[in-house]
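# Topology and contacts: notes
Each chain, letter by letter, is given below.
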Amino acid sequence: MAAKYEEVLKIEKLYFDYSDTSVLKDVNLTLYQGDFLGIIGSNGAGKSTLIKLILGKLPYYKGSISLFGTDIKKSFPRDKIGYVAQKANSFNTSFPATVKEVVMANLYSKKGLFKRYNKQDEERFYEVIRRVGMEGCENRLIGRLSGGQQQRVFIARALISEPKLLLMDEPTVGVDMQSVTEIMNLISELNRQGITIVMTNHDTPALVEVSSKLLIFCSHGNGEFVDRANLTMEQINQIYAGKRRHNHE
Amino acid sequence: MNNIFAYDFMIRAFIAAALIGIIAPCIGTTIVLKRLSAIGDATSHSALAGIAAGLMTGVHPVLGAVIFSMAAVLGIEAVRKSFKNYSEIATVIIMSTGIGLTAVLSGFVGNTADLNSFMFGSIVAISDFEMILTVGLSVAVIAVTMLLYRELFYIAFDEDAAELAGVPVKTVNIIIMLLTAITVSAASRIVGALMVSSLLVIPVACAMIIGKSYKSTMIISIVFAELFTVGGLFASFYLDVKPGGSIVLIGVAVLVMLLIFFRRR
Ligand SMILES: Nc1ncnc2c1ncn2[C@@H]1O[C@H](COP(=O)(O)OP(=O)(O)OP(=O)(O)O)[C@@H](O)[C@H]1O
Ligand SMILES: [Mg+2]
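We now turn to the structure provided with this report. (Residues numbered from 1 in each chain as written. Chains lettered and ligands numbered in written order. Predicted model: local features only at pLDDT ≥ 70, side-chain atom pairs only at ≥ 80, totals over all residues. Heavy atoms only, no water.)

### Here's the deal with the site of ligand 1
Residue and element names in this part refer to chain A. Applied cut-off: Nearness is judged by heavy atoms alone; a residue qualifies as near a molecule or strand once a single heavy atom is within 4 Å of it. The term polar contact refers here to a pair of N or O atoms within 3.5 Å; inside protein, the definition further demands a hydrogen-donor-capable atom paired with an acceptor-capable atom, and it admits residues adjacent in sequence only when both atoms are side-chain atoms. Shrake-Rupley sampling with a 1.4 Å probe provides the accessible areas, and residues are treated as covered by the protein chains on show and by no other component. Secondary structure elements follow DSSP: runs of H or I of four or more residues count as helices, runs of E of two or more count as strands, with numbering from the N terminus. Three residue categories are used. Nonpolar comprises Ala, Val, Leu, Ile, Met, Phe, Trp, Tyr, Cys and Pro, charged comprises Asp, Glu, Lys and Arg, and polar comprises the others, including Gly.
Lining the immediate environment of ligand 1, one finds Tyr18, Val23, Ser42, Asn43, Gly44, Ala45, Gly46, Lys47, Ser48, Thr49, Glu170 and His202. Note that an oxygen atom of ligand 1 is positioned 2.8 Å from one of the side-chain N or O atoms of Asn43. Thr49 is positioned such that a nitrogen or oxygen atom in its side chain is 2.5 Å from an oxygen atom of ligand 1. Coverage of ligand 1 by the protein amounts to 61% of the 640 Å² it exposes when considered alone. Looking at which element gives the most residues to the shell around ligand 1, the answer is helix H1 (residues 47-54), with three residues. Per-class residue counts for the shell around ligand 1 are three nonpolar, seven polar and two charged.

### A few points about the packing of aromatic side chains
Definition in use: Only the six-membered ring of Trp is used, alongside the rings of Phe and Tyr, when aromatic pairs are assigned; centres must lie within 6.5 Å, and planes under 30 degrees apart are stacked while those over 60 apart are edge-to-face, with the rest tilted. Our definition puts a charge over a ring when NZ of Lys or CZ of Arg is within 6 Å of the ring centre and also within 35 degrees of the ring normal.
Considering all chains together, one arrives at 15 aromatic pairs over all chains under this definition. A connected cluster of aromatic rings, assembled from ring pairs, spans Phe95 and Phe154 of chain A together with Tyr149, Phe153, Phe157 and Tyr214 of chain B. The lysine or arginine in question, Lys73 of chain A, covers the ring of Tyr61 of chain A, its NZ or CZ lying 4.2 Å from the ring centre.

### A few points about the packing of helix H1 (residues 8-33) of chain B against helix H9 (residues 169-191) of chain B
Residues and elements named next belong to chain B. Let me state the cut-off plainly: For helices, the axis comes from a line fit to the C-alpha atoms of the stretch in contact; other axes are also lines fit to C-alpha atoms, and the angle between any two N-to-C directions lies between 0 and 180 degrees. Take the far helix as your reference; a near helix turned counterclockwise from it by less than a right angle gives a left-handed crossing, and one turned clockwise gives a right-handed crossing. We call two residues in contact whenever any of their non-hydrogen atoms come within 4.5 Å of each other.
Two elements in contact, H1 and H9, have axes whose closest approach is 9 Å; the angle formed by their N-to-C orientations is 145°. Remark: the crossing between H1 and H9 carries left-handed chirality. Contacts between H1 and H9 involve Ala13, Ala16, Ala17, Ile20, Ile23, Ala24, Ile27, Thr30 and Ile31 on the former and, on the latter, Ile176, Leu179, Thr180, Thr183, Ala186, Ala187, Ile190 and Val191. When its residues are assigned to classes, the contact of H1 with H9 shows 14 nonpolar, three polar and no charged.

### What about the sheet that holds strand E9 (residues 213-217) of chain A?
Residues and elements named next belong to chain A. Put simply, the rule is: Should DSSP find at least two bridges between two strands, the strands are regarded as paired.
Read across the open sheet, the six strands follow the order E6-E7-E8-E3-E9-E10; overall the sheet is mixed. Each of the sheet's edge strands pairs with one partner strand only, and the pair in question is strand E6 (81-84) and strand E10 (223-227). Sheet twist, expressed as the average angle between the axes of neighbouring strands with direction ignored, equals 15°. Across the sheet, H1 lies against strand E3 (36-40), E6, strand E7 (165-169), strand E8 (196-200) and E9, angled at about 150° from E7, the strand it touches most. Contacts from helix H6 (residues 177-192) reach E3, E7 and E8 within the one sheet, and its direction differs from that of E8 by about 150°.

### Details of the sheet that holds strand E2 (residues 22-32) of chain A
All names here are of chain A. Pairing is antiparallel across the open sheet formed by four strands, whose spatial order is E2-E1-E4-E5. Unpaired on one side and paired on the other, E2 and strand E5 (70-71) mark the two borders of the sheet. Across two bridges, strand E4 (residues 62-67) lies against E5 in antiparallel orientation. Bridge pairing in E5 links Leu67 to Thr70.

### Things to note about the environment of Glu224 of chain A
By secondary structure assignment, the location of Glu224 of chain A is in strand E10. For the pair formed by Glu224 of chain A and Ile239 of chain A, sequence separation is 15 residues and the distance between their alpha carbons is 7.9 Å.

### Some thoughts on helix H6 (residues 128-147) of chain B
Residue and element names in this part refer to chain B. This is how it is decided: A helix is expected to span 1.5 Å multiplied by its residue count minus one. Residue exposure (1.4 Å probe, protein chains only): buried if accessible area is under 20% of the type maximum, exposed if over 50%, otherwise partly exposed. Summarising the geometry, the arc corresponds to the directions from the helix axis toward the C-beta atoms.
Spanning 20 residues, H6 covers 28 Å between terminal C-alpha atoms, matching the ideal 28 Å at 1.5 Å per step. Those residues of H6 that fall on the buried side of the exposure criterion are Glu130, Met131, Leu133, Thr134, Leu137, Ser138, Val141 and Thr145. The buried residues of H6 occupy one face: seen down the axis, they fall within an arc of 165°. Pointing more than 90 degrees away from the buried face of H6 are the exposed residues Asp128, Ile132 and Met146. Against H1, helix H3 (61-82), helix H5 (112-120), helix H7 (149-157) and H9 lie the buried residues of H6.

### Points about H9 of chain B
Residue and element names in this part refer to chain B. Under the 1.5 Å per step criterion, the end-to-end length of H9 is 31 Å for 23 residues, consistent within 8% with the ideal 33 Å. Most of H9 is tucked away: 18 of the 23 residues are buried. Of the residues flanking the end of H9, it is Gly192, one or two places downstream, whose phi is positive at about 95°.

### What to know about the environment of Val196 of chain B
Residues and elements named next belong to chain B. Within the secondary structure, Val196 is located in helix H10 (residues 196-210). The buried category is assigned to Val196, whose relative accessible area is 2%. Linking Val196 and Ala225, residues 29 residues apart in sequence, is a C-alpha distance of 12 Å. Val196 has contacts with Ser44, Val184, Ala187, Ser188 and Val191, leaving out every residue within four places of it along the chain.

### As for the interface of chain A and chain B
The criterion, for reference: For this document, the term salt bridge refers to a Lys or Arg side-chain nitrogen within 4 Å of an Asp or Glu carboxyl oxygen.
If you look at the interface, chain A gives 32 residues, while chain B gives 30 residues. Along the contact surface separating chain A from chain B lie one salt bridge. Among the ionic pairs, Asp158 of chain B bridges to Arg157 of chain A, the shortest N-O distance being 3.0 Å. For the side of chain A that touches chain B, the secondary-structure elements that each account for two or more residues are helix H2 (99-105), helix H3 (108-111) and helix H5 (147-159) of chain A. Its residues assigned to classes, the side of chain A that touches chain B comprises 16 nonpolar, eight polar and eight charged.

### Quick word on the pattern of salt bridges
Residues and elements named next belong to chain A. As enumerated under the stated definition, the model contains 13 salt bridges over all chains in all. We note a salt bridge from Glu182 to Arg152, for which the minimum N-O separation is 2.3 Å. Highlighted residues: Glu182 in helix H6 and Arg152 in helix H5, separated in sequence by 30 residues. A network of salt bridges, in which partner residues are shared, links Arg124, Glu127 and Glu162.

### So, the pairing of E9 of chain A
Residues and elements named next belong to chain A. In terms of residue burial, E9 counts as a mostly covered element, since five of its five residues are buried. Burial along E9 is two-sided: Lys213, Leu215 and Phe217 and Leu214 and Ile216, pointing in opposite directions, are all buried. By the bridge criterion, four bridges tie E3 to E9 in an arrangement that is parallel. Residue pairing for E9: Leu37 is matched across the bridge by Lys213. Here five bridges tie E9 to E10, and the two strands are oriented antiparallel to one another. Looking across to E10, one finds that Phe217 is bridged to Gly223.

Honestly, that's just the spatial picture; any functional story needs more than this.
In structure tokens form, the structure reads like this:
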């Protein structure tokens with residue numbers, strides 16, 4: 001019965017240091033298809049570092065990271081992974097590119113070198129644009145959209161390659177409050193449709209609300225991997241404050 | 001008035017200029033959008049050193065330019081790795097090296113008029129060999145930009161995301177740099193090494209003012225570049241001025257007009 005849910009991400013005994021600072025110590029977690037992992041921690045806790053490690057951008061670590069049952073050092077499943085970065089640093093607003101050009105570009109992970117787009121790719125584009133609620137903006141310049149709209153476009157860009165795992169590092173930073181709610185709803189909707197999500201966010205209550213699993217970096221010590229269902233908000237706050245240890249001593 | 005097309009050398013000049021009007025913005029779009037505009041300058045000054053070296057040793061100056069400018073772009077890539085996000089450090093170092101080398105080598109060039117014509121461009125008698133070289137280099141640049149259209153777009157827009165999607169970013173970056181070197185060298189004969197970089201940048205700047213997408217920006221920049229190069233040759237022929245100068249000045253004039261008419265952003 002357990003085989004019904006595919007193992008998506010498994011991290012075992014992960015340690016990572018930047019040349020002078022030790023960042024991650026003994027991180028362990030396993031996610032199955034449909035999980036929603038919220039990563040909680042203060043500035044500098046190592047949340048972004050962990051996401052970069054999962055994306056294979058930082059090769060020198062101890063321990064193991066597996067995606068869909070295969071160690072990422074052996075092979076990296078590009079076509080199954082979507083990534084949405086923090087908006088501000090991802091592009092230059094006067095870049096002349098339309099929503100369609102930006103989103104379609106990411107079909108690369110499916111098509112590879114030299115391949116052209118076909119009818120199906122176009123259909124897929126209109127489908128993801130509808131899914132993020134941006135229909136009608138296909139041919140607008142990306143730099144002319146609002147911050148929230150741009151972030152939807154970047155979610156669409158990640159979705160067009162049909163990822164099974166979507167990694168998002170503070171996807172709602174710089175987005176107005178109304179749009180934050182809409183984007184959070186969109187992300188939980190994607191999760192209900194079966195996409196596994198890993199997300200960081202400084203709005204802890206909002207993140208806890210949508211997550212099924214949590215990785216909590218307390219103020220001193222390691223990341224604690226916990227099941228959201230077993231905890232009250234108060235207990236979560238205690239773990240975060242380092243007052244309570246949950247699964248290992 | 002003389003019939004401009006009655007002269008065989010002008011027909012050659014027009015063919016070469018038309019090709020350069022295609023390849024300069026093809027490469028220009030990528031380097032401008034990657035915010036590497038200064039690379040054109042650094043490369044062209046190194047190309048000039050190659051031209052001087054060619055004139056000195058008897059190797060064809062355009063070949064000298066190709067070799068030196070390729071060395072320059074590879075140098076820029078190497079230095080750029082040591083100063084991530086500060087690519088201007090690399091371009092300034094390579095540009096200074098190019099200028100320094102040109103200064104030293106030019107002392108050994110017998111006929112400085114030759115060097116002068118490569119600095120400011122010339123429409124006088126393009127040889128068969130130069131014609132073949134220009135056509136060959138242009139075809140190479142056009143073919144590669146068309147084949148790598150999606151890769152070039154993705155890398156220019158978001159290098160990190162491109163890498164994650166599996167675009168061979170490092171290889172494509174080196175290819176862009178080498179194509180820049182080729183374009184600069186091919187254009188130096190007519191436009192002049194000192195003015196090549198403006199031909200990479202100005203048409204794209206014009207196109208960015210009116211472009212409604214990446215694709216249209218690229219196409220519009222080619223139209224502008226053709227306008228500047230062909231217009232510049234007419235001016236050069238009838239007004240007896242250096243083609244490089246007339247090409248660049250027409251470009252700047254058009255850019256200023258566009259900025260006035262489309263003042264926005
Ligand atoms: N490139 C780097 N070189 C050296 N140290 C780094 C580098 N990037 C991050 N660090 C350090 O690693 C630690 C973790 O950084 P990280 O960016 O992962 O934190 P974070 O949890 O994402 O913080 P924030 O909430 O501010 O985004 C910090 O102490 C930071 O100073
Ligand atoms: Mg971070």
